[in-house]
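Spelled out from the first residue to the last, the chains are:
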Amino acid sequence: MSQYIFITGGVVSSLGKGITAASIGRLLIARGLSLRMLKMDPYLNVDPGTMSPYQHGEVYVTDDGAETDLDLGHYERFTGQPTSKHSSISSGRIYWNVLQKERRGDYLGNTIQMIPHITDEIKSHIRALSAPDVDVVVVEIGGTVGDIEGLTFLEAIRQIGLEDGRENVMYIHMTYLPYIRAAGELKTKPSQQSVAKLREIGIIPDALICRSERPIGEDMRKKLSLFCTVPLHAVIEEQDVARTIYEVPLVLSRQGLDEIVLRHFHAAHPPAVLNAWEEMVSSLARPEGTVRIGIVGKYSELPDAYKSLHEALRHGGAAHRHAVELVPLSAEELEDHGTLDALSTVDGLLVPGGFGKRGTEGKITAIRYARENQLPFFGICLGLQCAVIEFARHVAGMADANSTEIEPDTPFPVVALMAEQEQVVNLGGSMRLGAWPCTLKANTQAFQAYGRTEISERHRHRYEVNNRYRPMLEEKGLLLSGLSPDGQLVEMVELADHPWFVAVQFHPEFKSQALAPHPLFRDFIGAAIARRSGPHSLRMG
Ligand code: GLN
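From a predicted model like this one, the values you see are computed outputs, not experimental measurements.

(A) Seen up close, the sheet that holds strand S20 (residues 463–465). Spatial strand order, S16-S17-S20: three strands in an open sheet with mixed pairing. Only two strands of the sheet have a single neighbouring strand rather than two, namely strand S16 (402–403) and S20. One ladder, built from three bridges, connects strand S17 (residues 413–417) with S20; its direction is antiparallel. Within S20, the position partnered with valine 415 by the bridge is valine 465. Together, S16, S17 and S20 form the strand contacts of helix H15 (residues 382–394), whose direction differs from that of S17 by roughly 150 degrees.

If you want it as structure tokens, here you go:
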């Protein structure tokens, strides 16, 4: 039914395959095609939900509550289409499914093998995305050609080419051209070898996307075409984009990649409509001003750990034609030295989600500063919990208030484990996950941002504001501006006597898109811009 594009990577990892896959998705949508996207990851974890951000970057959460690879975030931000638990699969999940079927006796006594059992399981996941109303399924294979773990995926996609006919299956290989300074040239050999490796498996790419830091030049393209058996016009250059990753679809479109895909599929569609996209790129690339946002996180040295957050901040900036400078503030340094100097140089403070005790006192210190100094503040998940702890301690007179995640014996457990979490034994996939409805109060910053009372946002947490302390907190002025529809869970808090102090139990960053900035990020950046140009900026010098 649907046609398939398979995107593989060669030479090195971190080529930006996810962004390229997402960009191809955006281009095909711009040509009027309907599509679904899928990420296949060769690692053995069942899903990335329990993996350390140090190793895997952010865990992205879908509406239906899957904990997935961060590339799904790129897919949503670039294509504007929601992903789901069907949009991501790992080897671990594939093996898990096959072994469960084996235990159930589904294979009727057969010997279970990589081919056909594992490859069939992979193919059935890919084919499950095919539908009459889906023109193209875009599948990105994680890892690098040559990895032992990835072999079964490559074998499976080779088989789909055979079964569906090559005119219905397109292979796009991404590669890297290193620049050797001593020789003064880009080198094609690693690309040749990685394509040779693909050919060994039986896949000949239809297009080559070459990442490089320098222009490739016609001679180099001819050489790549000849040695990699790819038509010259399908050797695409993807130089590092200087200003914003959202330029990548435009770079690919200028070289006709969408046309190459459509011709391969024998499909004709009107030219690409990219006006809104170009406008968004221009407001990111040529901003009228810059705001500085301090982010107090545990993984400040790891941009991938807060991928969606950083992008959502940039979208919020684009809504005001402003660039957002991300200023990482180490929670532990704030904790150790208590130095607040850095905070006086930012226009807004963001405390993102997180787990465990490390760094929380630094976050609480920073939030106190924001509250007392009218600095726009946005708290997300653990950020909300820290804001409630800070308010309880310093405004509501509950000294040593804490979350039971951080201090199990705290005298004032203002944040505590949700009742449904008490029975949980396994850590994988057991948090409160995915989209849940929330009702907003009128006349709040929350309502002002969304412009309606019923919203839905994605969650990933085990702890919540302890209802026992709600009256004490409200009495002292903490505004519970968003609650679950049954009123039992605090989803948003804010302060009335502050320019913009909003904290949320959910993760709005997962739903912000390049063409549709999330309203909370838009308003947070708006408040930061107002502060930068207001009296505070003068006072602070
Ligand atoms: N650790 C907190 C909880 O589980 C916050 C989680 C988060 O920030 N994602 O509730």
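Back to the text.
(B) Structural view of the site of the ligand. The full set of residues close to the ligand is Gly353, Gly354, Phe355, Cys381, Leu382, Gln385, Glu405, Arg460, His461, Arg462, Tyr463 and His507. Between the ligand and the protein, one listed contact pairs an oxygen atom with a backbone N or O atom of glycine 354 at 2.9 Å. Note that an oxygen atom of the ligand is positioned 2.9 Å from one of the backbone N or O atoms of arginine 462. Its atoms largely coinciding with the cavity grid, the ligand occupies the second largest pocket. For the shell around the ligand, the class distribution of residues is four nonpolar, five polar and three charged.

(C) Highlighting H15. For H15, built from 13 residues, the straight-helix expectation of 18 Å at 1.5 Å per residue is met to within 8% by its first-to-last C-alpha distance of 18 Å. The buried fraction of H15 amounts to 12 of the 13 residues, a majority that puts the element mostly inside the structure. Within the sequence span of H15, burial applies to Leu382, Gly383, Leu384, Gln385, Cys386, Ala387, Val388, Ile389, Glu390, Phe391, Ala392 and Arg393.

(D) Broad picture of the sheet that holds strand S7 (residues 169–176). Strand order in this open sheet of seven strands is S5-S2-S6-S1-S7-S10-S11, and the pairing throughout is parallel. Looking at which strands have only one partner, the edges of the open sheet turn out to be strand S5 (88–90) and strand S11 (235–239). When strand polarity is set aside, the average angle formed by the axes of neighbouring strands in this sheet is 20 degrees. Two strands pair when backbone bridges link them, and strand S2 (residues 35–41) and S5 are joined in this way by three bridges, in the parallel orientation. Considered in S5, the bridge of lysine 39 is made with serine 88. Packed onto the sheet, helix H7 (residues 189–201) meets strand S1 (3–9), S7 and strand S10 (207–212) and runs at close to 150 degrees relative to S7.

(E) Geometry of helix H18 (residues 519–533). Along its 15 residues, H18 runs 21 Å from first to last C-alpha, staying within 8% of the 21 Å computed at 1.5 Å per residue. For H18, the full list of buried residues reads Pro519, Leu520, Phe521, Asp523, Phe524, Ile525, Ala527, Ala528, Ile529 and Arg531.

(F) Geometry of empty space enclosed by the protein. In total, this model carries one cavity of 30 Å³ or more according to the counting rule given. Approximately 80 Å³ is the volume found for the largest cavity. If you go around the largest cavity, you meet 14 residues; those closest to its centre are Ile141, Gly142, Thr144, Val145 and Leu154. For the lining of the largest cavity, the elements supplying multiple residues, two or more each, are S1 and helix H6 (151–164). Residues of the lining of the largest cavity, tallied by class, amount to five nonpolar, seven polar and two charged.

(G) The pairing of S17, seen in detail. When you tally the buried positions in S17, you get four out of five residues, the bulk of the element. With two bridges joining them, S16 and S17 adopt parallel strand pairing. When the sheet's bridge partners are listed, serine 403 is paired in S17 with valine 415.

(H) Structural detail: the layout of surface pockets. Within this model, the largest pocket holds a volume of roughly 940 Å³. Along the wall of the largest pocket there are 37 residues; nearest its centre are Ser14, Leu15, Gly16, Asp71 and Asp304. With four residues, the top contributor of residues to the lining of the largest pocket is helix H2 (residues 53–56). Considered class by class, the residues forming the lining of the largest pocket number 11 nonpolar, 14 polar and 12 charged. By volume, the second largest pocket amounts to about 730 Å³. Residue lining of the second largest pocket: 34 residues in total, with Pro53, Gly354, Phe355, Met431 and Arg460 positioned closest to the centre. Among the secondary structure elements, those contributing two or more residues to the lining of the second largest pocket are H15 and strand S19 (454–461).

Rules behind the numbers
Residues numbered from 1 in each chain as written. Predicted model: local features only at pLDDT ≥ 70, side-chain atom pairs only at ≥ 80, totals over all residues. Heavy atoms only, no water. Pairing = 2+ DSSP bridges. Helix = DSSP H or I, 4+ residues; strand = E, 2+ residues; numbered from the N terminus. Contact = heavy atoms within 4.5 Å. Axes fitted to C-alpha atoms, helices over the stretch in contact; angles between N-to-C directions. Near = heavy atom within 4 Å. Polar contact = N/O pair within 3.5 Å; in protein donor to acceptor, adjacent residues only side chain to side chain. 1 Å grid on protein atoms, 1.4 Å probe; cavity = no way out; pocket = protein on both sides within 12 Å on 5 of 7 lines; lining within 4 Å. Sits in = over half its atoms within 2 Å of the grid points. Nonpolar A, V, L, I, M, F, W, Y, C, P; charged D, E, K, R; others polar. Expected span 1.5 Å × (residues − 1). Buried < 20%, exposed > 50% of the residue type's maximum accessible area, 1.4 Å probe, protein only. Points joined across faces, edges and corners; volume = space filled by probe spheres on them.

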